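Each chain, letter by letter, is given below.
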Amino acid sequence: MRNADTSLSILQSSNDKEDKRNSRRRLLDRLTRYGVALGGVGVITAVGLIFFYLLYVVYPLFSPAAIHEGGSISSPLQDEPQWLAFEEQGKIGFVVYKQGVVEFFDIESGSRTTSVKLPIETDVAVTSFAKGESSSNLFALGLNDGTVLVAELDFDISYPEDKRTVSPSILYPLGNSPVQLDEQGQAIMQLAVQKYDGLLTIVVQRQSGVIGFQSYEIEEDGFIQPDEYEMVEAEVAQLAPRAVSLLLNRAQDTLYIIEPNGRTYFYDLFDKEEPELIETLSIASPNSTITATRFLVGGISILVGDSRGEVAQWFPVRDEHNRLKLTKIRTFKGPGGAIEKLETEYGRKGFLALGEDGKFALYHSTAERKIFEKQLTSSKIKSITLSPHNDLLALYTEGGEIKSWHIDNPHPEVSFKALWGKIWYESRSQPEFIWQSSSASDDFEPKFSITPLAFGTLKATFYTLLTAIPLAIFGAIYTGYFMSPVLRGKVKPAIELMEALPTVILGFLAGLWLAPILEKNLIGSFAILLMLPLVVISACYFWFKLPESMRTKLPDGWESLLMIPLILIAGWLCIALGPYLELAWFNGNLPQHMEVNWGISYDQRNAMVIGIAMGFAVIPTIFSIAEDAVSSVPKMLTEGSLALGATRWQTLVGVIILTAAPGIFSAVMIGLGRAVGETMIVLMATGNTPIMDFNLFEGLRALSANIAVEVPESELNSTHYRILFFTGLVLFAFTFFFNTVGELVRQNLRKKYGSL
Amino acid sequence: MTFSDWIKSGSPWIWLTGSAVSTSLILVFGMLLLILSNGLGHFWPKSIVQTTWQSPQGEQLIYGVLNRDETLSAARLAEAGIMLPEGQEFETRYLFKVGNRDVFGVDFRWLIGNELGEFQFPADAALVERREWGDAIGVIQGLRQNGRSIAQGDSSYQMIEQRLQDVQQLHETLVEVQKKDIGSINYRLERLRLKERKYELDNALTASRQAELAEQRAALQEEYVELEKKMQQIAQQMEQGEVELELSDGTSHAIPLKEIVRIYHPNSMNIVNKFSFYLDKFLEFLTEDPREANTEGGIFPAIFGTVLMVMIMSILVTPFGVLAAIYLREYAKQGVFVRTIRIAVNNLAGVPSIVYGVFGLGFFVYFLGGSIDEIFFPAALPAPTLGTPGLLWSSLTLALLTVPVVIVSTEEALSRIPQALREGSYALGATQAETMRKVIVPMSMPGIMTGLILAIARAAGEVAPLMLVGVVKLAPALPFDGNFPYLHLDRKFMHLGFHIYDVGFQSPNVEAARPLVYATAFLLVAIIAVLNLTAIMLRNRLREKYQT
């Protein structure tokens, strides 16, 4: 009994142990289950993240702009504000008053910092005002004694105790007393001023209506020396004394004089001694008067607002006789009522328009887009401005109050039309598709048309498939159906090895080896294309003319091996004879002949090189999938067909190709996906010029190569950066679509074969 | 057999399809042959041609290595500015490497055949490989030291050779001191600076700490001065004279021994000499740093960078890829959802690699790297530590790119394991986890290995995404060295594929760089071919093993 007891207790304890072990095992099993599930789902999510991250970066391009209220301050002076603006960071604002006082204020805290009285005698009055290009902080006051005071605001930035402090001051480029611009002392009624690159020009309209200008050369060696300028004066026009707009561009070589009725005088001031009137025209729409004008940043386009509430953009365009003609490029619908004021954004081609009824709207000219419009206040607006970073909007209302709003408008350049459409860019003679994302100058109009890039990708893909499809699919059919199994076992890995070859090597060979060879042997290459099928077919004919005993020496399915030397010899012959043919037919230089006689230009790195090199990269992809499809056609189908008396070729056309068609289709789809996304080959073997020409002998710029070239140098989160991500997303979507189609077709095919 | 019979039989069309296979094969093997011959041929010593050239200024002597020649028609030559005499339709032009870039301005010249004299191969023509300015070609006249000639003619060869070996050893020591010792001091100084900045940021820069840092800095400075002295000494020892070389224009040029890599007389070399020279050059190619804007010397940093990046990538990709495959095949409920995921994973293998690069730059570098910098490396800001392209992000990006390959391959292996084995394991009481660990995973090991090898082969050849997330044309330091923490994941690195792109397309002297690019391409192709063939063999073995 005791014995049994002990044994029972042993059993008990071992059971306990067993239980413990089992529960541990169960726990481990469960943990593994969760771990694997977590890891597996995690990896798959991580991969899915790519899509969502790209979307996340791209989204702000298409999100609308936002505006919300900022600080305000009321002005101490009861005076007409002439100009309201901000320094670089949008912290310190200033107002230039008609009395000749400049008030500086801090908009965030609502406190005034300084007030400066400009050096104007008390007995003269300000009769006109002008400011320079928005980024220059230059302005001028025209006085009633025929003098003009030119001043420039300067903001000194220092960091005492690590805090950014801005201290404003006023500089006088022409000395701190006004300069005489009218000998008779007539009042200056209208004024324009610009200073750039050591040159300062003032254009004035005197009370008599006469318009004249003066240019000063300023030595820019840190000090402004008023007595070291040269003066040139010229009368440009004699007009009736009425209020005209004077628009002088920053480079001071173009002057527009615009009368309220729309009559416009377009002057070329490049030669300051002899200004030239290029054109006189009317820029007003019927039944309207001009109410506001402004140069767009860069000094090429002018914006014209009229009494009907429309804003038109004009710039000079060269016509067929190479003459400049001021041309209306596009119009924008205003915010409502006659346009009262136009102000431009800094450093980009946006602008805002203020309507008669107090509504304002923000636009972007290149994108042809009204970004938003809003009624900000019910009181009359005397002055409106944007800060240099385009993120602050401020108003000066009739009651003497200055109010500010924060604007979140980081990507105004983007619209569907700007990305995909034809846009009439500044200084171009017609609307075009152009991709030109950056240049050295700040005033550059970025050209973000993706169309030429997408076109480049499609062109490269088209020529690639033109080479790859016949070779890969014919090859797959032969390998899958006619070739002897022994040979197939060797050929398949060889062609699949092609797929593993790094594309950078293909690109390098295409660009540095193939491209010059093709250029030299262009005619030989075309001869190969033409001759090869003929040579092969005639070789086949002679083969069948051979006596039976010789033919049977080569077993079925080894023909392709026999053809290798044949093709090599034929190819070599074509290349060797090429120069003689070229001499006989094309004067010894085919590319030159094409250029001169047919107007086809020839680039060394062209679409033909791409077609061959990328075709090489895509052949194995298409080949191996198509070959799978052909060789997995059930034997009973082909045997049935052969048994019914069909020849091998008839069986192929009637049974195999029909059955394997979906598989071949999916092979092409997947090959297409690969060609679309291939980067290194297009990067290295094309000239990377974004042109829209389907010419086989010209280069291209593909989406993928464009990303590789431009992403490293694009600024984080800039419009350019996000557009490049957008093109990445386009590539992703494109390839994902083609791959999915291909994959689905293939899986369906497999299911079908499975049931046979 | 009649003609119509022949047409009816379809044979011509069969032959036509067969010719597609033949053409593809010719393309593959032709390309491999091209890379092989160009890549391996580069190291073989080529003879120096001596000839005369009827230049517009009169007859000139030319020494040069014949690079290649081509025969062009009169019209094409006219386009290049060369006029042939009336009636002549074709002429051959030759590309000579004439060297002496510092004297002649260009080191490659096209010369037209009808203006050239007979080609001769003088035994005393010498090629001097220099550290700068490329090769010098001419005839050695003697050795000078301190302005005095100390050996002349043939008898000087021996002496030059001996001294050259001496100087070269010194040069190696110099480079070692420069790179290793001075590099290490600079690295430690930088760490001290970061430490100080960190204290400053934490408001913990006490006087005692400051003193301690200053002391450490002083010690390092002292070490530095010491090393500098040593380097000066070595540099002085390297002044062992100048080789006098008479160039083709008759002028004599003195080349200091310390600037010479090697001197050889290819025209008087026998086959054994040539072979040993070949091996020497090939070894240099594999183990040395590049010189002269990557157009000369070796590609060791690129090989090292590629291998290291691929290794880190494999460590990242294998566990995750296998885990995902096991989940999809063994744990997840098979249905529409899993089928969709499987298609998606398959598709991701087809997503362009540049898209992965864009993602890697935006997400890994700017987003993850930027955040990590702010949290862990505030001392170095505004200079980014991980918020800039580098080794870690490159490896991660490529891991993401290759994870579908591993998943697909592992899944295939798992699906080939007979269900009976799983059932047997369960029947013996094993849990699913134990079955996985003890039976399924070990059995699918060849498949996993295949996937990994394919992934490595793909990663090794991938360039486009790396251009965005971490490769550079010339890295100042290897990402792995003797300075703690030894493996520098934040560093940028060199890569074989990018090297091909950069040297072949961004180099100012493409003609000089071309042979090296071929050699690099050959190396890359060889690595990838070996990896792929291994994968194919493993796959075949696996298939045979579980053939049902």
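Residues numbered from 1 in each chain as written. Chains lettered and ligands numbered in written order. Predicted model: local features only at pLDDT ≥ 70, side-chain atom pairs only at ≥ 80, totals over all residues.

To continue, consider the overall build of chain B. Along its length, chain B carries 17 helices and twelve strands. Compactness check: chain B gives a C-alpha radius of gyration of 31 Å against a globular reference of 24 Å for 548 residues, more than 25% above the reference. With respect to the principal axes defined by its C-alpha atoms, chain B has extents near 105 × 90 × 45 Å. Considering only contacts in chain B between residues 6 or more positions apart, those separated by 24 or more positions represent 71%. (Helix = DSSP H or I, 4+ residues; strand = E, 2+ residues; numbered from the N terminus. Rg over C-alpha atoms; globule rule 2.2 N^0.38 Å. Contact = placed C-beta atoms within 7 Å.)

Each helix and strand counted, chain A has 15 helices and 31 strands in total. Rg of the C-alpha trace for chain A: 38 Å, well past the compact-globule value of 27 Å for 756 residues, more than 25% over. The dimensions of chain A, computed from C-alpha atoms along their principal axes, are 120 × 115 × 50 Å. For chain A, contacts bridging at least 24 residues in sequence account for 60% of all contacts bridging at least 6.

Accessible area lost during the coming together of the parts is what is often quoted as the interface size. With 90 residues of chain A at the interface, the matching set in chain B holds 80 residues. Residues belonging to the side of chain A that touches chain B are distributed by class as follows: 60 nonpolar, 21 polar and nine charged. (Nonpolar A, V, L, I, M, F, W, Y, C, P; charged D, E, K, R; others polar.)

Our next topic: the sheet that holds strand E4 (residues 108–112) of chain B. Residues and elements named next belong to chain B. With antiparallel pairing, four strands are arranged side by side in an open sheet as E1-E2-E3-E4. Across the chains shown, the open sheet's two edge strands, defined by having one partner strand only, are strand E1 (48–55) and E4. Strand-to-strand twist of the sheet, defined as the mean angle between neighbouring strand axes without regard to direction, takes the value 55°. (Pairing = 2+ DSSP bridges. Axes fitted to C-alpha atoms, helices over the stretch in contact; angles between N-to-C directions.)

Taken as a whole, chain B is organised into domain 1 (48–123), domain 2 (141–291) and domain 3 (300–545). Computed from C-alpha atoms alone, the centre-to-centre distance between domain 1 of chain B and domain 3 of chain B is 49 Å. (Domains from an automatic or database assignment.)

We now examine unusual backbone geometry. One non-glycine residue, A:Asn688, lies in positive phi territory at about 60°. Tracing the backbone through its elements, the reader meets A:Asn688 in the loop between helix H13 (680–685) and helix H14 (703–710). When the 18 C-beta atoms within 10 Å are taken as the criterion, A:Asn688 is described as partly exposed. Phi at B:Trp133 is positive, roughly 70°, even though this residue is not glycine. Along the chain, B:Trp133 turns up in the loop between strand E5 (125–130) and strand E6 (135–145). (Buried ≥ 20, exposed ≤ 12 C-beta atoms within 10 Å, placed from the backbone.)

Another point: the domain arrangement of chain A. We note that the domain assignment places domain 1 (81–282), domain 2 (287–415) and domain 3 (451–700) within chain A. Here the C-alpha centroids of domain 2 of chain A and domain 3 of chain A sit 57 Å apart.

A few words now on helix H12 (residues 648–677) of chain A. The end-to-end C-alpha distance of H12(A), which contains 30 residues, comes to just 38 Å, noticeably less than the 44 Å that a straight helix rising 1.5 Å per residue would cover. At A:Ala661, H12(A) shows its largest kink, close to 55°, and the proline A:Pro662 lies no more than four residues downstream. (Expected span 1.5 Å × (residues − 1). Bend = angle between axes of the 7 residues up to and from the residue.)

This part covers the pairing of E1(B). Residues and elements named next belong to chain B. Direction of pairing for E1 relative to strand E2 (residues 58–73): antiparallel, over a ladder of eight bridges. Bridge pairing links Trp-53 to Gln-60 in E2. Taking the residues between adjacent antiparallel strands as the criterion, E1 and E2 are bridged by two residues.

Turning our attention to the nonpolar core. Residue and element names in this part refer to chain A. Counting 212 residues, the largest nonpolar core has Ala-613, Ile-622, Ala-626 and Ile-681 as the members making the most contacts within it. Every residue in contact with Ile-622, bar those within four places of it in the chain, is listed here: Ala-468, Ile-469, Ala-472, Ile-473, Ala-667, Val-668 and Gly-671. Formed by 86 residues, the second largest nonpolar core is a distinct cluster that contains Ala-192, Ile-202, Leu-342 and Ile-402. (Core = buried A, V, L, I, M, F, W, Y, C linked by C-beta atoms within 7 Å.)

Moving on, we get to the environment of A:Val203. Residues and elements named next belong to chain A. The topology assignment puts Val-203 in strand E12 (residues 199–206). Exposure remark for Val-203: the 26 C-beta atoms within 10 Å place this residue in the buried category. For the pair formed by Val-203 and Ile-575, sequence separation is 372 residues and the distance between their alpha carbons is 69 Å. In this structure, Val-203 is in contact with Ala-192, Ile-211, Phe-213, Leu-246, Leu-248 and Leu-255, ignoring residues within four places of it in sequence.

Moving on to the sheet that holds strand E28 (residues 392–397) of chain A. Residue and element names in this part refer to chain A. If you trace the four strands from one edge of the open sheet to the other, you get E1-E29-E28-E27, paired in antiparallel fashion. If you trace the sheet from one side to the other, it starts and ends with strand E1 (66–74) and strand E27 (381–386), each paired once. The average angle at which neighbouring strand axes cross in this sheet is 20°, direction not considered. As paired strands, E28 and strand E29 (residues 401–408) are joined by five bridges and run antiparallel to one another. Pairing of Leu-393 across the sheet is with Trp-405, part of E29.

So, on to the packing of helix H5 (residues 503–520) of chain A against helix H16 (residues 496–505) of chain B. One can describe the packing of H5(A) onto H16(B) by two numbers: an axis separation of 9 Å at closest approach and a directional angle of 15°. Overall, the two elements H5(A) and H16(B) adopt an arrangement that is roughly parallel. In the crossing of H5(A) with H16(B), the sense of the turn from one axis to the other is left-handed. Residue-level inspection shows A:Val504, A:Ile505, A:Phe508, A:Gly511 and A:Leu512 of H5(A) in contact with H16(B), the latter providing B:Gly497, B:Ile500, B:Tyr501, B:Gly504 and B:Phe505. Taken together, the residues of the contact of H5(A) with H16(B) sort by class into seven nonpolar, three polar and no charged. (Parallel < 35°, antiparallel > 145°, perpendicular 65-115°, else oblique. Left-handed = near helix turned anticlockwise from the far one by under 90°.)

Before going further, it helps to spend a moment on the environment of B:Ile417. Residue and element names in this part refer to chain B. With respect to the element layout, Ile-417 can be found in the loop between helix H11 (391–416) and helix H12 (419–427). Take Ile-417: there are 20 C-beta atoms within 10 Å of it, and that puts it in the buried class. For the pair Ile-417 and His-495, spaced 78 residues apart in sequence, the C-alpha separation works out to 38 Å.

Our focus in this paragraph is the packing of helix H5 (residues 155–201) of chain B against helix H6 (residues 207–237) of chain B. Residues and elements named next belong to chain B. Close contact between H5 and H6 brings their axes to 10 Å; oriented N to C, the two are set at 165°. Between H5 and H6, the angle falls in the class roughly antiparallel. When you trace H5 past H6, the crossing you get is left-handed.

So, about the confidence of the model for chain B. Considering every residue of chain B, the mean pLDDT works out to 86; 99% of them sit at 70 or more. Overall fold confidence (pTM) sits at 0.88, and the ipTM for the predicted complex is 0.89. (pLDDT = per-residue confidence, 0-100.)

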